[in-house]
Amino acid sequence: MGIVHGAAQERNVKFHLVAAIVVIVAGWLTGLSRFEWIVITAVIALVIALELMNAAVERVVDLVTQERHPLAKQAKDLAAGAVLVFSIASAIIGVLIFLPKWLM
């Protein structure tokens, strides 16, 4: 049920799901190889999984304390940073897979 909740309630999960759909359609139109589909599928799954973990960290921090605390902010920022790092890596992977095919 966590995936359904994340897709329904989390703005960033929704964003990543829409981005995943765009990438899947682009991949289908581009004619990706089997290996490229494996990479794209893994990247999509990992981005969404990280975003769900980020949401979970935010919920746990909010459950523990409602007051502003530097450690609470750090925990949330670190989890969000993990998503950002992998999202940037995912964009680079997407460019490396798609751009050569589109420039041919």
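Report on the accompanying structure. (Residues numbered from 1 in each chain as written. Predicted model: local features only at pLDDT ≥ 70, side-chain atom pairs only at ≥ 80, totals over all residues. Heavy atoms only, no water.)

## Considering the pattern of salt bridges
Filter applied, for reference: By definition, a salt bridge exists where a carboxyl oxygen of Asp or Glu is found within 4 Å of a side-chain nitrogen of Lys or Arg. Segments assigned H or I by DSSP are reported as helices when at least four residues long, segments assigned E as strands when at least two residues long, and all are numbered from the N terminus. Buried residues are those whose accessible area, probed at 1.4 Å on protein chains only, stays under 20% of the maximum for their type, while exposed residues exceed 50% and partly exposed ones sit between those limits.
Enumeration according to the criterion identifies 4 salt bridges in this entry. Its salt-bridge partner being Arg59, residue Glu10 comes within 2.3 Å of it at the nearest N-O pair. In this pair, Glu10 sits in the loop between α1 (2-9) and α2 (11-30) while Arg59 sits in helix α3 (residues 34-64), placing the two residues 49 residues apart along the sequence. Taking the shortest distance from any N to any O, the salt bridge between Asp62 and Lys76 comes out at 2.6 Å. Highlighted residues: Asp62 in helix α3 and Lys76 in helix α4 (residues 70-102), separated in sequence by 14 residues. Since its relative accessible area comes to 25%, Lys76 is described here as partly exposed.

## Describing the nonpolar core
For the record, the criterion: Only buried residues count toward a nonpolar core. Its members are Ala, Val, Leu, Ile, Met, Phe, Trp, Tyr and Cys residues joined through side-chain atoms within 4.5 Å.
Counting 8 residues, the largest nonpolar core is built from Ala20, Ala26, Leu32, Ile40, Ile44, Ile48, Ile97 and Phe98. Looking at this core, the elements that each hand over two or more residues are α2, α3 and α4. Among the elements that make up this core, the one with the highest residue count is α3 (3 residues).

## So, the environment of Gln66
The test is simple: Contacts described as polar in this section are N or O atom pairs within 3.5 Å, which, within protein, must combine one atom able to donate a hydrogen with one able to accept it, while residues neighboring in sequence count only if both atoms come from side chains.
Locating Gln66 in the fold gives a position in the loop between α3 and α4. A relative accessible area of 71% places Gln66 in the exposed class. Only 2.6 Å separates the side chain of Gln66 from the backbone oxygen of Asp62, close enough to count as a polar contact.

## Here we look at α4
Stated formally: Expected span of a helix: the number of residues minus one, times 1.5 Å. One axis fitted to the seven residues ending at a residue, another fitted to the seven starting there: the angle between these axes is the bend at that residue. Residue contacts are defined here by distance: any two heavy atoms, one from each residue, within 4.5 Å place the two residues in contact.
The end-to-end C-alpha distance of α4 is 46 Å, a good match for the 48 Å that 33 residues give at a rise of 1.5 Å each. The largest bend in α4 is about 25 degrees, located at Leu96, with the proline Pro100 one to four residues further on. Considering only its buried residues, α4 is in contact with α2 and α3.

## What about the packing of aromatic side chains?
Keep this limit in mind: In this analysis, rings of Phe, Tyr and Trp, with Trp reduced to its six-membered ring, are considered paired at centre separations within 6.5 Å, and the interplanar angle assigns stacked below 30 degrees, edge-to-face beyond 60, and tilted for intermediate values.
Summed over the entire model, instances satisfying the criterion amount to 1 aromatic pair. Ring geometry for Phe98 and Trp102: centres 5.1 Å apart, planes at 35 degrees, overall tilted. Here Phe98 and its partner Trp102 are both found in helix α4, 4 residues apart, which amounts to about one turn of the helix. Judged by relative accessible area, which is 6%, Phe98 ranks as buried.

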